[in-house]
Amino acid sequence: TLAFADMAINAGVDILAAPVMIADVHVPWMMGGTEQIMDNQNVVAEIGPNICWGSIDALVEKYPDVPIIAGSFPSDLMAYGADRFADDCVRHGVCGLDCPGYSYILNDPFTAVGRGHRVLEERGISIIQQISTDLAVAEEGSWKYDFLLSILRASSGFILLMADAGGKSGAIGSLDVAKLRPAVDRIKKLQRELGNVCPLITVCGISTPQNGIEAVRESGSDGVMISSSIANYAVLSIAGLLTNIG
């Protein structure tokens, strides 16, 4: 974990994201092949929340001035307990949560899911949500437009704009920057109108340095999130090192 963090910090990243694995059941339809393989390996190795929090502690100790967010899923957080998870976020120095599931922020606050959003807010933990390019340009007056407004009101910290249509990690196709631009413009306009402005980060499909530069420069987004490509690069680098040693 620290080796990955060192590489990222040396490359100039602004935020580190670390997973908190709680349950063995995730949402494979949102995951690319690399992430699914790693998830399976983590389950076999019995990687659980204690190990994940320990990794976050190591990151906070080494990089105390770098914001660190956690990543998990609504089903995991419900199994763990909303209050317990929120308290642990504070205890371990986590400042935000990437939780890809609209239900976690939009359900009634008296439900088990909705309560998770409320207790995180009460403790000052930012709620980071994902918006697809199609949703971002929903027709005004439609239910999708109202849904978009609800997400924008509830989000804090920053928002993830999913460049890949399905929001799937590890997408390797060329980015459709022409489609990203109107989505970015629409979200930023609505943020200003709602008085809830936070950075917009492009995610899903950032597979090369050129991809990331293009996404930010031409679409107007504030940054990019990279995950699978870094993991693939690290795996190939380690394999090459072992081959040379052999």
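Analysis parameters
Residues numbered from 1 in each chain as written. Predicted model: local features only at pLDDT ≥ 70, side-chain atom pairs only at ≥ 80, totals over all residues. Heavy atoms only, no water. Helix = DSSP H or I, 4+ residues; strand = E, 2+ residues; numbered from the N terminus. Buried < 20%, exposed > 50% of the residue type's maximum accessible area, 1.4 Å probe, protein only. Polar contact = N/O pair within 3.5 Å; in protein donor to acceptor, adjacent residues only side chain to side chain. Pairing = 2+ DSSP bridges. Contact = heavy atoms within 4.5 Å. Expected span 1.5 Å × (residues − 1). Arc of directions from axis to C-beta. Salt bridge = Lys/Arg side-chain N within 4 Å of Asp/Glu carboxyl O. Core = buried A, V, L, I, M, F, W, Y, C linked by side-chain atoms within 4.5 Å.

Asks: What exactly am I supposed to notice about the environment of R186 here?
Replies: Inspection of the secondary structure assignment puts R186 in helix α10 (residues 177-194). R186 sits in the buried class, given a relative accessible area of 19%. For R186 and A138, which are 48 residues apart along the polypeptide, the C-alpha to C-alpha distance reads 9.4 Å. A polar contact of 3.2 Å, which involves the side chain of R186, links it to the backbone oxygen of A136.

Asks: I keep staring at the pairing of strand β6 (residues 200-203) and nothing clicks. Help me out?
Replies: Side chains L200 and T202 project from β6 onto one buried face, and the interleaved I201 and V203 project onto a second face that is buried too. Pairing of strand β5 (residues 159-162) with β6 involves four bridges; the strand directions are parallel. Looking at β6, one finds that I159 is bridged to L200. The sheet contact formed by β6 and strand β7 (residues 223-224) spans two bridges and is parallel. Each residue of the ladder has a partner; that of I201, found in β7, is G223.

Asks: Honestly, the sheet that holds strand β3 (residues 96-98) in this entry has me stumped. Any pointers?
Replies: In a beta sheet, neighbouring strands pair by backbone hydrogen bonds and run either parallel or antiparallel. Here seven strands make up an open sheet; going across it, the order is β1-β2-β3-β4-β5-β6-β7 and the pairing parallel. Pairing within the sheet leaves two strands with one partner each, and these edge strands are β1 (16-19) and β7. Note: strand β4 (residues 126-132) against β5, four bridges, orientation parallel. In the sheet register, Q129 faces β5, and the bridge partner there is I159.

Asks: Explain the environment of Y145 to me, please; I cannot follow it from the model alone.
Replies: Locating Y145 in the fold gives a position in helix α9 (residues 143-154). Separated by ten residues in sequence, Y145 and L135 have C-alpha atoms that sit 7.4 Å apart. If sequence neighbours within four positions are ignored, Y145 has contacts with A138, E139, E140, R186 and L190.

Asks: Help me understand α9, please; the structure alone is not making it clear to me.
Replies: Side chains of residues three or four places apart in an α-helix project in the same direction, reflecting 3.6 residues per turn. An ideal rise of 1.5 Å per residue puts 16 Å on twelve residues; α9 measures up with 17 Å between its terminal C-alpha atoms. When we look at burial in α9, the residues that qualify are Y145, L148, L149, I151, L152 and A154.

Asks: Would you explain helix α3 (residues 49-62) in this entry?
Replies: An ideal rise of 1.5 Å per residue puts 20 Å on 14 residues; α3 measures up with 20 Å between its terminal C-alpha atoms. For α3, every residue scored as buried is listed here: P49, C52, W53, I56 and L59. Taken around the axis of α3, the buried residues stretch over an arc of 115°, which confines them to a single face. In α3, the exposed residues that point more than 90 degrees away from the buried face are N50 and E61.

Asks: Got a minute to help me understand the pattern of salt bridges in this structure?
Replies: Pairing is possible between side chains that carry opposite charge, provided their charged atoms lie close to one another. According to the stated counting rule, one finds nine salt bridges in the structure shown. A salt bridge links E122 to R123; the nearest nitrogen and oxygen atoms lie 3.9 Å apart. Given a relative accessible area of 54%, E122 falls into the exposed group. Here D222 ties to K188 by a salt bridge, and the two come within 3.1 Å at their closest N and O atoms. Placement of D222 in the loop between α11 (209-219) and β7 and of K188 in helix α10 is noted, with a sequence separation of 34 residues between them.

Asks: Just checking my understanding: could you explain the nonpolar core for this structure?
Replies: Soluble globular proteins: nonpolar side chains tend toward being buried together. Core analysis: the largest hydrophobic core is formed by 28 residues, its most contacted members being L16, V20, W53, F85 and L120. Apart from residues no more than four positions distant in its own chain, F85 is found in contact with V20, I22, W53, A70, L77, Y80, L97 and L120. With 19 residues, the next largest nonpolar core counts A138, I187, L190 and L200 among its residues.

In short, geometric facts, not functional conclusions.
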